[in-house]
Amino acid sequence: MSEEALRQQIALLKKHNARLKRIAHDARNKLSAALDGTGLCLWQLDIPSGKLVIFNRRWGAMLGFQPKESEARFDAWRAHLHPDDAAEVLKAFYDHIEGRAPYYEALHRMLGKDDKITWVLDRGRVTAWDENGQPLKVTGTHIDMTKEKEYEAQLSLLAHHDPLTGLANRHALHAHFLGMRAAGPLCVAFIDLDNFKHVNDTLGHRSGDKVLMQFSQRVSDILPPSVVMGRLGGDEFMLLIPFDVDNPLVARLAQWVLDAAQAPFELDNGYAQIGASMGIAAVQGKVRFDDALTRADETMYQVKRQGKQGISIAR
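Residues numbered from 1 in each chain as written. Predicted model: local features only at pLDDT ≥ 70, side-chain atom pairs only at ≥ 80, totals over all residues. Heavy atoms only, no water.

Draft legend 1. Representation of the confidence of the model for the chain within the structure. Across the chain, pLDDT averages 86, with 83% of residues at or above 70. Per-element confidence in the chain is highest for strand S8 (residues 236-241), whose mean pLDDT is 97, and lowest for helix H1 (residues 3-38), whose mean pLDDT is 60. (pLDDT = per-residue confidence, 0-100. Helix = DSSP H or I, 4+ residues; strand = E, 2+ residues; numbered from the N terminus.)

Right under this line is the structure:
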């Protein structure tokens, strides 16, 4: 081949190589856009060097880091694993690398910049081996699951808590009741606010809601951690008190609740003055939740019949 022909061949190869690079670059940009749109982060780990290659975006971006602020390396990834999840995640990873599991998968938390917590669904599989059959590369995906976990937490909160006050709802109270009944002495307190209808009628339902929220906060602040407070609905509340009904602390707790209800409530459009009637009933044997609640409710109505704002105890 002549020198001129060789130069032409080299030029043609360079042109072809440049075209292939443009095609690869364009394909990578399209892949990046497609993956970013789904929230996927595609990665590949070179096991011997520990280097991570991120195909569509820098790994650190998921954790709130700016470009070049965090290294894309296995050690850096491991260092950002949440301490409570690290052992389980690494076990799942090495179980796959060492042949004990067909693939790697873990849903876990990672600590990002300023200890920001990001939930990640991490999946991977060995995609290259050396001549001795040892794994060389692992390819996989990260999916940011933070919003899904937050939504899951919100659903759980709604399922077990009153949306207005944040207190345990009837479903959660039932579950607490079963556990506390099995653990030892227990009594149930039924609380009905006095003159609450007057607040709604004169100041409006929004002010009534604020009274319910303030009352819930007042009582929650004074209760021991072992006492569970919940809202049954409207202006009716319930306490699960893990003491024998004759324990002096039960009477003191009841009086604290009455004092919290009788103190004036400051609102945007005035002041509200209410009170509370309270019935306390001992939980005996394997009594059902509804039966215990009914007994406490009936005990509370003895106070209502005697003029409201007081405490009645059924042993």
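Draft legend 2. Representation of the sheet that holds strand S5 (residues 135-144). With antiparallel pairing, the five strands of this open sheet are ordered in space as S2-S1-S5-S4-S3. The sheet is open, and its two borders are formed by strand S2 (51-54) and strand S3 (104-111), each paired with just one other strand. Each strand of the sheet is rotated relative to its neighbour by a mean of 30°, with strand direction disregarded. Where strand S4 (residues 117-129) meets S5, nine bridges bridge the pair, whose relative direction is antiparallel. For Arg125, the partnering residue across the bridge sits in S5 and is Thr139. (Pairing = 2+ DSSP bridges. Axes fitted to C-alpha atoms, helices over the stretch in contact; angles between N-to-C directions.)

Draft legend 3. Inspection of the sheet that holds S8 at higher detail. Pairing is mixed in the open sheet, where five strands are placed in the order S7-S8-S6-S11-S12. In this open sheet, the two edge strands, each paired with only one partner strand, are strand S7 (228-233) and strand S12 (310-314). On average, each strand axis in the sheet is tilted by 20° relative to the strand beside it, whichever way the strands run. Sheet topology note: the strand S11 (residues 275-282)/S12 ladder contains five bridges and is parallel. By the bridge assignment for S12, Ile280 is matched with Ile313. Packed on one face of the sheet, helix H8 (residues 248-262) meets strand S6 (187-194), S8, S11 and S12 and runs near 160° to S11. (Contact = heavy atoms within 4.5 Å.)

Draft legend 4. Spotlight on unusual backbone geometry. One non-glycine residue, Asn195, adopts positive backbone phi at about 65°. Among the structural elements, Asn195 can be located in the loop between S6 and helix H6 (196-203). Among the residues examined, Asn195 registers a relative accessible area of 36% and is labelled partly exposed. In this structure, Lys308 takes a positive phi of about 75° despite not being glycine. When you line up the elements, Lys308 lands in the loop between helix H9 (289-305) and S12. (Buried < 20%, exposed > 50% of the residue type's maximum accessible area, 1.4 Å probe, protein only.)

Draft legend 5. Broad picture of the packing of H6 against helix H7 (residues 205-222). Close contact between H6 and H7 brings their axes to 7 Å; oriented N to C, the two are set at 140°. As far as their axial angle goes, H7 and H6 are oblique. Across the interface between the two elements, Phe196, Val199, Asn200 and Leu203 of H6 pack against His205, Ser207, Gly208, Val211 and Leu212 of H7. When grouped by side-chain class, the residues that make up the contact of H6 with H7 number five nonpolar, four polar and no charged. (Parallel < 35°, antiparallel > 145°, perpendicular 65-115°, else oblique. Nonpolar A, V, L, I, M, F, W, Y, C, P; charged D, E, K, R; others polar.)

Draft legend 6. Representation of the packing of aromatic side chains in the model. Applying the stated criterion across every chain yields a total of eight aromatic pairs. When the centroid spacing of 6.2 Å and the interplanar angle of 50° are considered together, the rings of Trp77 and Phe93 count as tilted. Placement of the pair is Trp77 in helix H2 (residues 74-79) and Phe93 in helix H3 (residues 86-97), with a sequence separation of 16 residues. Each of the two residues, Trp77 as well as Phe93, counts as buried. Ring centres 5.1 Å apart and planes at 65° place the aromatic pair Phe215 and Phe237 in the edge-to-face group. Here the residue Phe215 occupies a position in helix H7, and Phe237 occupies one in strand S8, the gap between them amounting to 22 residues. Here Phe215 and Phe237 have matching classes, each one buried. Connected via pairs of aromatic rings, a cluster forms that spans Phe74, Trp77, Phe93, Tyr94 and Tyr104. The aromatic ring of Trp119 is capped on one face by Lys149, whose charged end is 4.4 Å from the ring centroid. (Phe/Tyr/Trp six-rings, centres within 6.5 Å; stacked < 30°, edge-to-face > 60°. Lys NZ or Arg CZ within 6 Å of the ring centre and 35° of its normal.)

Draft legend 7. The pairing of S2, seen in detail. Alternating residues of S2 divide into Leu52 and Ile54, all buried, and Lys51 and Val53, none buried. As paired elements, strand S1 (residues 40-46) and S2 share four bridges and run antiparallel to each other. Directly across from Gln44, in S2, lies its bridge partner Val53.

Draft legend 8. Region of interest: the nonpolar core. Membership of the largest hydrophobic core comes to 35 residues, with the highest contact counts inside it found for Phe215, Leu239, Ile241 and Met278. When residues of this core are traced back to their parent elements, those giving at least two are S6, H6, H7, S8, H8, strand S9 (265-267) and S11. Looking at this core element by element, the count peaks at eight residues for H8. Beyond its immediate chain neighbours, meaning those up to four positions away, Ile241 contacts Met180, Pro185, Leu186, Cys187, Ala189, Val227, Val250 and Leu253. (Core = buried A, V, L, I, M, F, W, Y, C linked by side-chain atoms within 4.5 Å.)

Draft legend 9. Seen up close, the pairing of S12. Side chains Gly310, Ser312 and Ala314 of S12 all project onto a buried face; the interleaved residues Ile311 and Ile313 project onto a face where none is buried. Tracing the backbone out of S11, into H9 and back to the parallel element S12 gives a crossover that is left-handed. (Right-handed = clockwise from strand over helix to strand, strands pointing away.)

Draft legend 10. Structural context of H7. A rise of 1.5 Å per residue sets the reference length of H7, with its 18 residues, at 26 Å; its end C-alpha atoms lie 26 Å apart and thus fit the reference within 8%. Among the residues of H7, those classed as buried are Ser207, Gly208, Val211, Leu212, Phe215, Ser216 and Val219. (Expected span 1.5 Å × (residues − 1).)

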